[in-house]
Amino acid sequence: MDIISQLQEQVNQIAGLTFNTFGTLQRDAPSARLSQNYPEPPPNPTEDAASFPEQPKQMSAALVKAAKQFDALVAALPLSEGGEEAQLKRIAELQAENDAVGQELQRQLEAAGKFFNFSDCCLMCCMCSDTSYNTCPASK
Amino acid sequence: MATATFPPPPPFYRLYKDYIENPKSAPEPPPPIEGTYVCFASSYTTDDVLPSLEEQGVRQLYPKGPNVDFKKELRSLNRELQLHILELADVLVERPSQYARRVEDISLIFKNLHHLLNSLRPHQARATLIHILELQIQRRKQAVEDIKRQREEAQKLLKEALGTLAGQ
């Protein structure tokens, strides 16, 4: 996948991790005591309490890792020096060079085509019984 | 029991009855559309340009100007994003009813991030074009060299053959 799409995917992943983090913590948080007037909250079931202190740490570690990955991708961006005009100028140069090379190629192809016709004629001469090589166009 | 039938084709086909004899008796195809057009009750534009953030009603966080330093802005937006996430976590702990403003800020940062990345796409397109042109030039030069070499070889072979024949 190209680098810009990877960056876009990374941004979306950071967003996903963010809302998953907050959503999970809000959903699974044990009841908190609001004020001294209210009685103690009921104790949490043991299944939550086991993995619970780990969850914020793991999730925030994942967030930080995703952010670092984003920075690494940004550093890997192959942005060339100068903006649009430099690129357009380079494209114009390359187009001119491409045209020149294309014409050269066309010339070579035509010459090769003519040569192919000549060599056909020579083969015909060899196969026919005309032994006067003065009329052969290839012997020059 | 399906009672829905497809809508009939548009009746314009009758206008082309004599097309084979006289191509000019039938109407020309419609010219290409320019500007905006309406299709199935939503309007589209033929001008494929990325609308700027102001047009979408979103505040732009990175400095405007002709040449934006993409890497620097992307990195600073990333840091801002992380700070805002931490802020949201704090707000949820202390003043939970004030989350809305923070969430808005975070979504604003995301919109700016995506807009920056989208505005990198034309640059990528031009870079791809440059790369393709360079490859094509290289291939053409290689072809020219090959043809030249083969021609010279073939010419040499023919001369040799003629020489052998003439020597007999």
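Please read all numbers here as calculations on a predicted model, not as lab measurements. (Residues numbered from 1 in each chain as written. Chains lettered and ligands numbered in written order. Predicted model: local features only at pLDDT ≥ 70, side-chain atom pairs only at ≥ 80, totals over all residues. Heavy atoms only, no water.)

Some remarks on the UniProt feature "coiled-coil region" (unreviewed entry) in chain B
Piece 1. With numbering matched to this structure, UniProt assigns "coiled-coil region" (unreviewed entry) to residues 130-164 of chain B.
Piece 2. Taken end to end, residues 130-164 of chain B is 100% helix and 0% strand, and its first and last C-alpha atoms sit 51 Å apart. (UniProt positions renumbered as here; feature names shortened; annotations may be inferred. Helix = DSSP H or I, 4+ residues; strand = E, 2+ residues; numbered from the N terminus.)

A closer look at the interface of chain A and chain B
Piece 1. At the junction of the two partners, chain A supplies 48 residues and chain B supplies 42 residues.
Piece 2. Around 4,400 Å² of area is buried between chain A and chain B when both sides are counted, 70% of it from carbon and sulfur atoms.
Piece 3. Across the chain A-chain B interface, the total number found is 4 salt bridges.
Piece 4. Where E97 of chain A meets K141 of chain B, a salt bridge forms, and the shortest distance between an N and an O atom there is 3.1 Å.
Piece 5. When contributions to the side of chain A that touches chain B are tallied by element, the ones reaching two or more residues are α1 (3-28), α3 (54-75) and α4 (84-127) of chain A.
Piece 6. Split into classes, the residues belonging to the side of chain A that touches chain B amount to 27 nonpolar, 14 polar and 7 charged. (Contact = heavy atoms within 4.5 Å. Buried area = accessible area lost by both parts, 1.4 Å probe. Salt bridge = Lys/Arg side-chain N within 4 Å of Asp/Glu carboxyl O. Nonpolar A, V, L, I, M, F, W, Y, C, P; charged D, E, K, R; others polar.)

Observations regarding the domain arrangement of chain A
Piece 1. One can read the domain layout of chain A as domain 1 (3-77) and domain 2 (98-128).
Piece 2. Taking only C-alpha atoms, the centre of domain 1 of chain A and the centre of domain 2 of chain A are 72 Å apart. (Domains from an automatic or database assignment.)

Focus on helix α1 (residues 70-94) of chain B
Piece 1. The first and last C-alpha atoms of α1 of chain B sit 36 Å apart over 25 residues, in line with the 36 Å expected at 1.5 Å per residue.
Piece 2. Residues of α1 of chain B that are buried include every one of F70, E73, L74, L77, N78, L81, Q82, H84, I85, L88 and V91 of chain B, and no others.
Piece 3. Looking at the packing, one finds that the buried side of α1 of chain B touches α1 and α3 of chain A together with α2 (99-118) of chain B. (Expected span 1.5 Å × (residues − 1). Buried < 20%, exposed > 50% of the residue type's maximum accessible area, 1.4 Å probe, protein only.)

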